[in-house]
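In case you want the letters, here they are:
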Amino acid sequence: TPDLFQKLGELMLRWSHFDHVIGNCLGAILQLSPEDTAIMVFPLPVNRRLTKIKELAVLRDITDDAEAALTAVADVFEHIQKVRNNVIHAIMIDDPNDGLKLHLRSKKRALTIDQVFEIEELTNYAAHCALSLRYALGPKAGPVEQHPLPDKPAIPRFLNHPSPTEIQLGQPLAPRPPASRE
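An account of the accompanying structure is given in this report.

Here is what the cut-offs are and how they apply
- The written sequence of each chain sets the order in which its residues are numbered from 1.
- Given that the model is predicted, a residue must reach a pLDDT of at least 70 before its local features are reported, and side-chain atom pairs must reach 80 or more before they are shown or counted; all residues, however, enter totals for whole chains, interfaces and linings.
- Derived side-chain values reflect all non-hydrogen atoms in the structure, with water molecules and hydrogen atoms excluded from consideration.
- What counts as an axis is a line fitted to C-alpha atoms, over the stretch in contact for a helix, and the angles between N-to-C directions run from 0 to 180 degrees.
- Secondary structure elements are defined from DSSP: runs of H or I of at least 4 residues count as helices, runs of E of at least 2 residues count as strands, and each element is numbered from the N terminus.
- Note on angle classes: values under 35 degrees are labelled roughly parallel, values over 145 roughly antiparallel, values of 65 to 115 roughly perpendicular, and the remainder oblique.
- By convention, the crossing between two helices is left-handed when the near helix turns anticlockwise from the far helix through less than a right angle, and right-handed when the turn is clockwise.
- Here a residue-residue contact requires only that any non-hydrogen atoms of the pair lie within 4.5 Å.
- Gly is placed with the polar residues, together with every amino acid not listed as nonpolar (Ala, Val, Leu, Ile, Met, Phe, Trp, Tyr, Cys and Pro) or charged (Asp, Glu, Lys and Arg).
- The rule is simple: take the accessible area with a 1.4 Å probe, protein chains only, and divide by the maximum for that residue type; under 20% is buried, over 50% is exposed, in between is partly exposed.
- One requirement defines pairing of two strands: DSSP has to find at least two bridges between them.
- Nonpolar cores are built from buried Ala, Val, Leu, Ile, Met, Phe, Trp, Tyr and Cys residues. Side-chain atoms within 4.5 Å join them into one set.
- By convention in these notes, a salt bridge is any Lys or Arg side-chain nitrogen within 4 Å of a carboxyl oxygen on Asp or Glu.

Focus: the packing of helix H1 (residues 2-29) against helix H6 (residues 120-136)
Contact geometry of H1 with H6 gives a least axis separation of 9 Å together with a crossing angle of 20°. Judged by the angle between their axes, H1 and H6 are roughly parallel. Classified by chirality, the crossing of H6 by H1 is left-handed. Contacts between H1 and H6 involve Lys7, Leu11, Arg14, Trp15, Phe18, Val21, Ile22, Asn24, Cys25 and Ala28 from the former and Glu120, Thr123, Asn124, Ala126, Ala127, Ala130, Leu131, Leu133 and Arg134 from the latter. Its residues placed into classes, the contact of H1 with H6 shows 12 nonpolar, 3 polar and 4 charged.

Some words on the pairing of strand S3 (residues 109-112)
The side-chain alternation of S3 yields two buried faces, one formed by Arg109 and Leu111 and the other by Ala110 and Thr112. Linking strand S2 (residues 99-104) back to S3 in an antiparallel pair, the connection comprises 4 residues, with Lys108 at a positive phi of about 50°.

Brief notes about the sheet that holds strand S1 (residues 91-95)
Ordered in space as S1-S2-S3, the 3 strands form an open sheet in which the pairing is antiparallel. Edge positions in the sheet fall to S1 and S3, since each of these pairs with one other strand and no more. In this sheet, neighbouring strand axes are inclined to one another by 35° on average, regardless of whether the strands run parallel or antiparallel. Of the pairings in the sheet, the one linking S2 to S3 comprises 4 bridges and is antiparallel in character. Counterpart to Lys101 in the pairing with S3 is Thr112.

Examining the nonpolar core
Buried together is how nonpolar side chains tend to be arranged in soluble globular proteins. Membership of the largest hydrophobic core comes to 45 residues, with the highest contact counts inside it found for Phe18, Ile22, Val83, Val87, Val116, Leu133 and Leu137. Only H1, helix H3 (46-59), helix H4 (64-89), helix H5 (113-118) and H6 provide two or more residues apiece to this core. Tallying contributions element by element places H1 first for this core, with 11 residues. Here Leu137 is in contact with Cys25, Ala28, Ile29, Ile62 and Ala66, once residues within four sequence places are set aside.

A few points about the pattern of salt bridges
All told, the structure shown has 5 salt bridges when counted by the stated rule. Of the charged contacts in the structure, one is a salt bridge between Lys101 and Asp98, with a shortest N-O distance of 3.0 Å.

Let's talk about the environment of Ala74
Mapped onto the secondary structure, Ala74 falls in helix H4. Taking relative accessible area as the criterion, Ala74 reaches 25% and is therefore assigned partly exposed. Put simply, Ala74 and Asn47 are 27 residues apart on the chain and 9.7 Å apart in space, counted from C-alpha to C-alpha. Dropping the residues within four chain positions of it, Ala74 is found in contact with Leu50 and Lys54.

Next comes the structure, spelled out in structure tokens:
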């Protein structure tokens with residue numbers, strides 16, 4: 001339905017905004033100008049940006065607020081990234097049992113639309129934590145703004161796994177029968 005696609009589009013825009021803020025965080029910790037950040041940081045994928053921020057945080061004297069915000073972002077990022085990557089690179093299928101699913105053939109993984117929308121609150125939390133990190137790393141100009149960390153929402157049950165690399169999202173589709181050669 002159009003409403004469903006609109007809601008999915010809004011969620012994807014939130015993921016893009018998160019990516020953008022994390023890029024600005026890396027630019028801030030490197031003390032780059034916006035122009036240099038656009039050249040040096042924004043071509044990097046978001047997971048690489050976050051990894052570099054964590055590496056630099058060890059080398060630099062970042063504030064306790066920045067450390068707390070970085071920890072909060074890192075704590076939920078892998079969960080969001082798994083769903084985000086699945087959605088962005090998936091095809092949509094109408095499963096007779098589960099309804100609409102986003103199927104990622106390369107990972108043999110499928111998410112129901114309900115599972116995708118279950119991470120909306122976690123996405124909003126991550127975006128607020130990223131803004132907290134950006135402000136804690138220092139102002140763009142003028143006085144330092146404070147952006148307190150929000151309360152952490154529960155991780156959706158389908159993502160709540162002790163090892164994020166072993167998460168099974170939804171159920172894989174049954175393999176297609178081999179094509180007959182008749």
